[in-house]
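Secondary and tertiary structure notes
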Amino acid sequence: MKKNITNRYSFINLVFWLFLIISAITRTVLLVKSIDIIELSFTEIAKIYLIGAFYDFVSAGYLVIPFVLYLFFMPQKFFNHSAHRYITYMFTYILLFGAVFLAFSEWFFWDEFSVRFNFIAVDYLVYTKEVIGNICESYPMGILLSVITAISGAIFYVLYKLGYIEDILNSKSSIKQRIKPAFIYLLVPIVSFASVTDDFSKISKNQYSNELAKSGLYSLFAAFRNNTLDYDTFYITDKQESVLSNLKKSVGEDGSTFLNSNDITREIIKSGEEKDYNVMMIVVESLSGKFLKTLGAEKELTPNLDSLANESLSFTNFYSTGTRTVRGMEAITLSVPPTPGRSIVKRPDNHNMYSSGFIFRNKGYETKFIYGGHGYFDNMNEFFSNNGFDIVDRADFSDEEDTYHTVWGVCDEDLLNKTLKEADSSYKAHKPFMSFVMTTSNHRPYDYPEGRIDIPSHTGRDGAVKYTDYAIGDFIKKAKDKPWFKNTVFVIVADHCSTSAGKTEIPLDKYHIPLIIYAPEILKPQVVDKVSSQIDIMPTLFSVLNWSYKSKFYGSDILDSSFKERALIGTYQKLGLYKENKLLVLSPTKKIKSYEVVEQDLYDTKYKEIQIDRSLEAEIVSYYQGASTLHKKRLDRYECQ
């Protein structure tokens, strides 16, 4: 061993090997966990490990940059000093602890989202208070940290007994001898940054295999790097004239007249008297369609919502635009497609958007964003307060109003009781109201008040779903006693599904959500089976209110006989159009794929790749390129009308 160690840079070799071994073990554990949903062929598994090792190597290259520079500039005298020996031991242990901690974190992230670290992890790193609180409430952190400490200590002990680090610390090298290895090690991240992308992980049609072929650390770095994507740079484009022309064809409605040649501003004209119905928009955290019996669920988790659906306009072929809460908020409030990268809610330049909040206010409504958590999370307060809404969040709950909470916010009962008070206040002021209410209880750690339902708190998703259903049922029961009830339209919709990962790039079943519009004194019950998505909520609602208004919305009235069925769905990179039983997907490599939906249910979607329909290609490009262009030109602002 001593003969092989020629200089201090053997420490970098040690870091590389330790990282590769720990990463390979992590990949194996995740593979075993997902064994029933990946291909078990030798070729598939070989690709997972070979490509995975490549990404692990690249990740290690980024990881060692500070160590390479440190070892290059460290004087030989101090390098061999006894004080430096203890510093090296300490940093070696910290490095081991970090690597093992990362492995455990990957397990829990995979268990929650079925993917390697991505933009969700990036967002969570920003909001450390909520995330750390959620972790502490969800997992036995004392035990986990003790286990991680013990594993790290055991590895360090083996290295110490073998004398690897001691041999390195006794080595000698001149600065001239250190130039070549330092250059080689620094070349790895430089070349990787310029040439390596996520595309190398696309080894299979099975998305789980592709995720296993990634490295958690690299995926986290890539998510930081690609949090914002310019459409024109990364996606298929068309001439602006063609894009705008096609976009107008897609968003045009009966009774609408386009007012400008350079954007989609149009006048929606309705005959007859406009209504001033109150609107109660309840956006339910992670309410997948698979939870509702009326949509085909097997379990009895949502008796109240199922009962409401039978008395309402119930939309059974309805989809979220994305996989995050902010995507749902963006789509519902602004009626825009899921543009690549960050949601508009989280972008700095998101004030005075063409928001439904401003339309309601101009009709004389009191508009409120009501949230049981702290609205600074995900930039929600900043977005809503600058787009036509007043804010009511956890800071506005008194001690009496906050009877039970987690780190994410007050329980849904407390939230909805507060919502009733806010509605009462508007009614007493003789003002119609529009309340955008965002729930939190259907979220890990799945804690809620005991004694409400027959599933104990903190036992899993099923209990959280059933508790939220209970809270909504209790809310509707109380609302029926209010003087404003008969004049109120209740809209219940999910922000996104409870899970987002699937075997395919954009699994439709992971976007299928309920939409219920309940107003027993106003609307007759009806099942609506048209393919539609969250961007269509506000245009449909304004139709129920029989409003004439200027629109820059990308959505349309689902109830109109001329409604063109389609759903716009995506991740932060993949952009999809679901129409005519086909799914087109744009990728940030200027590529497009087309699939036929062979089979779809509440739990799975099967596709067959087919030849691209050029008319659908023109349509998907018009939606996403058009939305990107109009946003960059600030033509999607309320002040521009």
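Our structure is the block above this text.
In what follows, the accompanying structure is described.

1. Structural notes on the overall build of the protein chain
When helices and strands are counted, the protein chain shows 22 helices and 20 strands. Its C-alpha atoms give the protein chain a radius of gyration of 27 Å, within 12% of the compact-globule value 26 Å for 641 residues. Per-residue burial over the protein chain gives 60% buried out of 641 residues. Taking as baseline every contact in the protein chain between residues at least 6 positions apart, the subset at least 24 positions apart corresponds to 74%. Surface exposure of the protein chain reaches about 26,400 Å², of which carbon and sulfur atoms provide 58%. When the 71 positive and 75 negative side-chain charges of the protein chain are each reduced to one mean point, those points stand 8 Å apart.

2. Details of the pairing of strand β20 (residues 605-609)
Strand direction decides the pairing type here: strand β19 (residues 591-600) and β20, joined by five bridges, are antiparallel. Following the sheet pairing, Glu 596 is matched in β20 by Lys 608. Once β19 ends, the chain turns through four residues before running back antiparallel as β20.

3. Describing the packing of helix α19 (residues 412-428) against helix α20 (residues 461-479)
Their axes nearest at 9 Å, the elements α19 and α20 cross at an angle of 25 degrees. Between α19 and α20, the crossing angle belongs to the class labelled roughly parallel. α20 is crossed by α19, and the crossing has right-handed handedness. Along its contact with α19, which presents Asp 412, Glu 413, Leu 416, Asn 417, Thr 419 and Leu 420, the element α20 presents Tyr 467, Thr 468, Tyr 470, Ala 471, Ile 472, Phe 475, Lys 478 and Ala 479. Grouping the constituent residues of the contact of α19 with α20 by class yields eight nonpolar, three polar and three charged.

4. Thoughts on the nonpolar core
Residues Met 281 and Phe 360 are the most contacted members of the largest nonpolar core, which totals 121 residues. Apart from residues lying up to four places away in sequence, Phe 360 is in contact with Val 279, Tyr 365, Thr 367, Met 434, Met 538, Leu 541, Phe 542, Leu 545 and Trp 547. Counting 31 residues, the second-largest nonpolar core is a separate cluster that includes Tyr 9, Tyr 89, Phe 109 and Phe 156.

5. Some points on a nonpolar patch on the surface
On the surface, Trp 17, Ile 21, Ile 25, Val 29 and Trp 107 cluster together into a nonpolar patch covering about 520 Å² of accessible area. Among the elements that make up the nonpolar patch, the one with the highest residue count is helix α1 (residues 10-33) (four residues). With respect to the secondary-structure elements, Trp 17 resides in helix α1.

Criteria and thresholds
Residues numbered from 1 in each chain as written. Predicted model: local features only at pLDDT ≥ 70, side-chain atom pairs only at ≥ 80, totals over all residues. Heavy atoms only, no water. Helix = DSSP H or I, 4+ residues; strand = E, 2+ residues; numbered from the N terminus. Rg over C-alpha atoms; globule rule 2.2 N^0.38 Å. Buried < 20%, exposed > 50% of the residue type's maximum accessible area, 1.4 Å probe, protein only. Contact = heavy atoms within 4.5 Å. Areas by Shrake-Rupley, 256 points an atom, 1.4 Å probe, with all protein chains shown as cover. Lys, Arg positive; Asp, Glu negative; His and termini not counted. Charge placed at Lys NZ, Arg CZ, Asp CG, Glu CD. Pairing = 2+ DSSP bridges. Axes fitted to C-alpha atoms, helices over the stretch in contact; angles between N-to-C directions. Parallel < 35°, antiparallel > 145°, perpendicular 65-115°, else oblique. Left-handed = near helix turned anticlockwise from the far one by under 90°. Nonpolar A, V, L, I, M, F, W, Y, C, P; charged D, E, K, R; others polar. Core = buried A, V, L, I, M, F, W, Y, C linked by side-chain atoms within 4.5 Å. Patch = residues over 30% accessible without salt bridge, like charges linked within 9 Å, V, L, I, M, F, W, Y side chains within 5 Å. Salt bridge = Lys/Arg side-chain N within 4 Å of Asp/Glu carboxyl O.

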